[in-house]
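If you want the building blocks of each chain, they are given just below.
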Amino acid sequence: MRITMFVTLFSLIIAVNAGAITTTNLVGYYSFNGHLNDLSPSPNVNNASAIGSPDMNIDGLFGLGVKVGDGSGTSYVSLGNPLDYQFGNSTSFTITYWVKMPDSQASDPTLIGNKDWSVSGGRQGFVQAIAADDVKSNIADGTTRKDTAWIDLDHDAYWDGQGKAADDPVRWTFVAMTVDRSSNVMTNYVMDGWVVNQWDDSSTPTTVDITGVGSLDSGYPINLGQDGDGSGYDNATYAELVASFDDLTVWRRSLTTSELWEIYTAGRAGQSFGDLVGISETAALLDVDTSDFVFPSQDPQSVAPVTLPLTLENIGSESLQFQAAIINDSLGEFSVSPTAPQTLTEGQSVSLDITWDPSSTPGGTHSAQLSITHDTVQTSPIIINLRGKIRQELFGGRRVLVVGIDGVRPDALQAANTPNMDALAANGAITYDAYAGGVLGTPTQQATSSGPGWSSILTGVWVDKHNVPNNSFSSPDYANYPHFFTLIKQGYPDALLASIVQWAPINTYITPNADTDIELTGSGASVASQAASLLASDNPDVLFLHFDDVDYAGHAYGYSPTSANYLAAIEGVDTHTGTVVTAIQNRANYTNEDWLIIVTTDHGGLGTSHGGQSTEERTIFVIASGNSICQQVISNGPGHTTVPPTAMRHLGIAIDPAWGWEDDPFGAIPPDGDIAGPSGRPDCIVDILDLRALAEQFLDDTLVNPSADFTGPTDTPDGIVNLNDFAWFAGHYLESSI
């Protein structure tokens, strides 16, 4: 495997900050001095990128700045969506920048934000927007929305009267937004040359209580001069933002008003943020990606050396000498070549080959560092973290894929053309008569909505225990009735568990961050693509996927087997499912793996809605597919709370009654892996021929009880050795399992 990483980074000199503000939790700093590089001291490099043709050579407040806006809404700056910029529902953050723009902006275009602002201010994410010459901050989790009051941004008429030209530094305005999760307050700040005292009437910060607002992670990038999805100004009612920006910072903490005032007053004195805290940039000398260099995880069966190239380029001096070395490698697994000093002339590139050889090392995560030293003004070496992982096989090759498809009526599933799900059902058990919504007329009865439904599917209990009656997730009891990932991690902390979903609240509220190695959110096609990529590059023990397109179609066109659009959506997700199944079958070690694939839904629908207790809303399907699952169509199926016990049984994890699960595993298996029907396929004991085959094989092969629960007629474990014993066993087995 060869992966080329190549990202421009300016060389930095980090000095000790002598001011009151520190760079603690600063994760992004953009000086916009002719480049879009992140100059923050954060270990992650969060470089921005130009979309379209933003002007990178305008006069800024501190050297150069960047101007967005080309008349079509397609020239702006994107900060991307790195982990540092995903603040979830609990991380405080601050964004600051200097901005200058014409006197008035039509409508309310985005200054900076990660949400689809053109559709609705209630869409998930955050934004600072401008209307005319007023600024406000807005956040929402898709359900709850909060806005600060507007603050007057600029005073062009005043400055025109003062004889200040358009390029006068006084026309630059300092803007900030803080989201403080500890005090549940969002604050909007605007400070310009109009300010006489620390705060005057025109720039007094406006605040709003944000209690109850959940995750702000929209899945979109943070964009400067455009909304998160990058198409906000395609809407004719939204004008394009035309503005110049300089000196932008991103923090994973809420700055105090005194810290913001310090940045503002330093800027008014001609001191950039970098000058204030001791971040200075020299001429660009060496292109190199300083983010972690991660090697693909390996299983013990396929441990082999892996080499990845890292490309360096000298872009700033006539001659540059560098030397690379591996440091902090206690086990000696990592190496780099060449190790001798190398000389780069301006514009020349060279590749370093970094090799990880874990063939004789124990399981676990292994790390080292690559040090690159060079003869420039940068006195400290460039340090790149190297990581690789050898996974111990925890479950004997057994793995689980759970595919959750939102809003599928079983009769529509049967009417649709679904070759991939049909193949899964043919290789296991299916029921078209399982149920959502709990048991009618009991405390378990719950709305046939997504919040309660996915909570039950993933925790194995109903609303009387998980306490999620609707989609607000206001007071769930996941502490006592957790996601089954949590229970797996309790016994197997090294298990690799992943949740890739289209409906973000699943990962925001139900899936526990500490117990999930990978959490991603995206479109239906993106979910399938991300899952296929993960299956090709890593080894998840349990993978949960969620697709939402069918529910969208149901709300728009009706939940009905006669709705062509609804059936088309089911068929589309069937294609996505096929993509993932193919990725499983293409795995290098697939022949040594035993996959269980579970497919189900959270509810059906009636008309264009759901949530009630009608048969159409309550009736669902469940598929359990795999080589150890009995081939059968089951009537009177279980609730969808059967998913966790079915997954745990396959992994070989004993089910603890203290978990309070409502259902048994789905898709009964024979009492012993050696016992199959007359065809040799584990199709369960469903008729007298199967029972006879079981008796003959059992008597010939074992002469012992299949489990401690089966004893002879005298209640002593004497094995099945005669007709009386067999008659007792057959009656017990038939009563218990069929």
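All values derive from a computational prediction rather than experimental measurement.

Participant: Can you explain the overall build of the chain? Please cite residues and give values.
Facilitator: Summing up its helical and strand segments, the chain has 16 helices and 35 strands in all. A burial count over the chain gives 54% of its 738 residues as buried. For the chain, the proportion of contacts with a sequence separation of at least 24, taken over those separated by at least 6, is 68%. By element, 49% of the accessible surface of the chain is carried by carbon and sulfur atoms, the whole surface being about 28700 Å².

Participant: Can you explain the nonpolar core? Please cite residues and give values.
Facilitator: One finds Leu 79, Tyr 97, Leu 111, Phe 126, Ile 139, Phe 245 and Leu 248 to be the most contacted residues of the largest nonpolar core, which totals 41 residues. Not counting the four nearest positions on each side in its chain, Phe 245 is found in contact with Phe 32, Gly 65, Val 66, Val 68, Tyr 97, Trp 98, Val 99, Leu 111, Trp 172 and Leu 224.

Participant: Help me get a handle on the confidence of the model for the chain, residues and values and all.
Facilitator: In this model, the chain carries an average pLDDT of 81, and 78% of its residues clear a pLDDT of 70 or more. Below a pLDDT of 50 lies the segment residues 233–237, which in the model reaches 12 contacts outside its immediate sequence neighbourhood of four places, other chains included. Across residues 734–738 the pLDDT falls below 50, and counting only partners more than four positions away or on other chains, this stretch makes 4 contacts in the model.

Participant: Let's hear about the packing of helix 8 (residues 484–491) against helix 14 (residues 643–651): which residues, and what values?
Facilitator: Taken N-terminus to C-terminus, the directions of helix 8 and helix 14 make an angle of 25 degrees; their axes are 10 Å apart at the nearest point. It follows that helix 8 is roughly parallel to helix 14 by the angle criterion. Our pair here, helix 8 against helix 14, has a crossing hand that is right-handed. Contacts from Phe 484, Leu 487 and Ile 488 in helix 8 reach Pro 644, Ala 647, Met 648 and Leu 651 in helix 14. Of the residues contributing to the contact of helix 8 with helix 14, the split by class is 7 nonpolar, no polar and no charged.

Participant: Can you lay out the layout of surface pockets for me, pointing to particular residues and giving the numbers?
Facilitator: Here the second largest pocket defines a volume of roughly 1100 Å³. Lining the second largest pocket we find 42 residues, and of these Gln 124, Asp 141, Gly 142, Ala 504 and Pro 505 sit closest to its centre. In terms of residue count, the dominant contributor to the lining of the second largest pocket is helix 11 (residues 549–557) (4 residues). Considering only residue class, the lining of the second largest pocket consists of 9 nonpolar, 25 polar and 8 charged.

Participant: Talk me through the sheet that holds strand 30 (residues 497–501); I want residue IDs and the actual numbers.
Facilitator: The pairing of strands in a sheet happens through backbone hydrogen bonds and is either parallel or antiparallel. Sheet architecture is open: 8 strands sit in the order 31-30-32-28-33-34-29-35, paired in mixed fashion. A strand with exactly one partner marks an edge of an open sheet, and here the two such strands are strand 31 (518–521) and strand 35 (632–633). In this sheet, strand 34 (residues 619–625) lies alongside strand 29 (residues 428–435) in antiparallel orientation, the contact comprising 6 bridges. Residue Ile 430 lies in a different strand from strand 34, and its bridge partner there is Ile 623. This element, helix 5 (residues 419–426), spans strand 28 (398–405), strand 29, strand 33 (594–600) and strand 34 of the sheet and lies at about 105 degrees to strand 29. Here helix 8 sits on the sheet in contact with strand 30 and strand 32 (542–547), set at roughly 165 degrees to strand 30.

Participant: So, the pairing of strand 21 (residues 306–314): which residues are in play, and what are the values?
Facilitator: Strand 21 sits mainly inside the fold: 8 of its 9 residues count as buried. Bridge count for strand 21 against strand 25 (residues 349–356) is 8 bridges, and the pairing is antiparallel. The residue bridging Pro 309 from the neighbouring strand is Asp 353, located in strand 25.

Participant: So what's going on with the side chain of Thr 619? Which residues, and what values?
Facilitator: You can see Thr 619 is positioned in strand 34. Only 2.8 Å separates the side chain of Thr 619 from the backbone oxygen of Thr 615, close enough to count as a polar contact.

Quick notes on the rules
- Residues numbered from 1 in each chain as written.
- Predicted model: local features only at pLDDT ≥ 70, side-chain atom pairs only at ≥ 80, totals over all residues.
- Heavy atoms only, no water.
- Helix = DSSP H or I, 4+ residues; strand = E, 2+ residues; numbered from the N terminus.
- Buried < 20%, exposed > 50% of the residue type's maximum accessible area, 1.4 Å probe, protein only.
- Contact = heavy atoms within 4.5 Å.
- Areas by Shrake-Rupley, 256 points an atom, 1.4 Å probe, with all protein chains shown as cover.
- Core = buried A, V, L, I, M, F, W, Y, C linked by side-chain atoms within 4.5 Å.
- pLDDT = per-residue confidence, 0-100.
- Axes fitted to C-alpha atoms, helices over the stretch in contact; angles between N-to-C directions.
- Parallel < 35°, antiparallel > 145°, perpendicular 65-115°, else oblique.
- Left-handed = near helix turned anticlockwise from the far one by under 90°.
- Nonpolar A, V, L, I, M, F, W, Y, C, P; charged D, E, K, R; others polar.
- 1 Å grid on protein atoms, 1.4 Å probe; cavity = no way out; pocket = protein on both sides within 12 Å on 5 of 7 lines; lining within 4 Å.
- Points joined across faces, edges and corners; volume = space filled by probe spheres on them.
- Pairing = 2+ DSSP bridges.
- Polar contact = N/O pair within 3.5 Å; in protein donor to acceptor, adjacent residues only side chain to side chain.

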